[in-house]
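# Close look at the chain arrangement
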Amino acid sequence: MYQTDKTRKRPPPVKVLSGQLRTAESRGRADSGEGCVIRPGRGRSLRVSMVWMQGTVLDLQLNRNTVVLMDETGTFVVQGVNNIPKGKPCLSQGKYVMVMGVIQTTSPEPVIHAVKIADLSERADLHRKMWKLEVEDLQQVLT
């Protein structure tokens, strides 16, 4: 039995920085679920469609079902936040959160449709310090 596009499972999320998505190469229509190709290092490339990102909440627009986050490389938009169980309580300005989601677009600003949101504010300093290293380590293993 073959898998159709709708039944095919997505690969697990890849840890990325917003700056990497901003410079990524698109793989088809933005909403196709094809994702994009990032360049984590010299001569290396990695195809991603589901991402794991972390950042500080800058702006909440719950009436528009979105939130704007910022990591150390820039800002990115997360859509679908009102549909995440237990996601809204951790969404307040200044909180440090992780988001797993599907890439909607990468330019001019990355937009992710959320699948999961979790509050990392309790140990935000540690999470912030480790994040770039975690991203680099995973991407090195995957390429």
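A short tour of the structure in this document, coming up. (Residues numbered from 1 in each chain as written. Predicted model: local features only at pLDDT ≥ 70, side-chain atom pairs only at ≥ 80, totals over all residues. Heavy atoms only, no water.)

This paragraph deals with the overall build of the chain. Looking only at helices and strands, the chain features 2 helices and 9 strands. Its helices and strands taken in sequence order, the chain reads β-α-β-β-β-β-β-β-β-β-α from the N to the C terminus. For the chain, the residues scored as buried account for 41% of the 143 residues in total. When contacts within the chain are restricted to residue pairs at least 6 apart in sequence, long-range pairs at least 24 apart make up 58% of them. Counting every atom, the chain has about 8500 Å² of accessible surface; 51% of that belongs to carbon and sulfur. (Helix = DSSP H or I, 4+ residues; strand = E, 2+ residues; numbered from the N terminus. Buried < 20%, exposed > 50% of the residue type's maximum accessible area, 1.4 Å probe, protein only. Contact = heavy atoms within 4.5 Å. Areas by Shrake-Rupley, 256 points an atom, 1.4 Å probe, with all protein chains shown as cover.)

To describe a pair of aromatic rings, one takes the distance between the centres and the angle between the planes. Inspection of the entire model under this criterion finds 1 aromatic pair. With a centroid separation of 6.4 Å and an interplanar angle of 25 degrees, the aromatic rings of W52 and W131 are classed as stacked. Of this pair, W52 sits in strand β5 (residues 50-61) while W131 sits in helix α2 (residues 124-142), placing them 79 residues apart in sequence. Taking relative accessible area as the criterion, W52 reaches 24% and is therefore assigned partly exposed. Sitting over the ring of W52, K15 keeps its end group 4.7 Å from the ring centre. (Phe/Tyr/Trp six-rings, centres within 6.5 Å; stacked < 30°, edge-to-face > 60°. Lys NZ or Arg CZ within 6 Å of the ring centre and 35° of its normal.)

Quick look at the pattern of salt bridges now. Tallied over the entire structure, the rule returns 3 salt bridges. The salt bridge involving E134 is made with K15; its shortest N-O contact spans 2.9 Å. Of this pair, E134 sits in helix α2 while K15 sits in strand β1 (residues 14-15), and the two are 119 residues apart along the sequence. Its salt-bridge partner being K95, residue D119 comes within 3.2 Å of it at the nearest N-O pair. Taken together, the residues span a long stretch of sequence, with D119 in strand β9 (residues 111-119) and K95 in the loop between β7 (74-79) and β8 (96-105) at a distance of 24 residues. Look at D119 and you get partly exposed, because its relative accessible area is 35%. (Salt bridge = Lys/Arg side-chain N within 4 Å of Asp/Glu carboxyl O.)

With that out of the way, let us pick up a nonpolar patch on the surface. Together, L126, M130 and L133 make up a nonpolar patch on the protein surface, roughly 260 Å² of accessible area in all. Inspection of the secondary structure puts L133 in helix α2. The class for L133 is partly exposed, based on a relative accessible area of 48%. (Patch = residues over 30% accessible without salt bridge, like charges linked within 9 Å, V, L, I, M, F, W, Y side chains within 5 Å.)

The pairing of strands in a sheet happens through backbone hydrogen bonds and is either parallel or antiparallel. One open sheet holds the 3 strands; their spatial order is β2-β3-β4, and the pairing between them is antiparallel. The two strands at the open ends of the sheet, each matched to only one other strand, are β2 (25-26) and β4 (44-48). Pairing of β2 with strand β3 (residues 36-41) involves 2 bridges; the strand directions are antiparallel. Bridge pairing in β3 places S26 opposite C36. (Pairing = 2+ DSSP bridges.)

Below, the discussion takes up the nonpolar core. One finds L21, I38, V48, L69, V78 and I117 to be the most contacted residues of the largest nonpolar core, which totals 25 residues. Put simply, the parts of the chain that give this core at least two residues each are β3, β4, β5, β6 (66-71), β7, β8 and β9. The next biggest cluster of nonpolar side chains, apart from the first, holds 8 residues, and it includes Y96, M98, L120 and V135. (Core = buried A, V, L, I, M, F, W, Y, C linked by side-chain atoms within 4.5 Å.)

The next thing to look at is the pairing of β4. In terms of strand pairing, β3 meets β4 through 4 bridges, oriented antiparallel. Bridged to G41 within β4 is R44.

A separate point is the environment of K95. Overall, K95 belongs to the partly exposed group, its relative accessible area being 25%. As a C-alpha pair, K95 and E122 span 27 residues in sequence and 9.1 Å in three-dimensional space. Residues in contact with K95, not counting those within four places in the same chain, are G55, T56, V57, C90, D119 and S121. Separated by 3.2 Å, the side chains of K95 and D119 make a polar contact. (Polar contact = N/O pair within 3.5 Å; in protein donor to acceptor, adjacent residues only side chain to side chain.)

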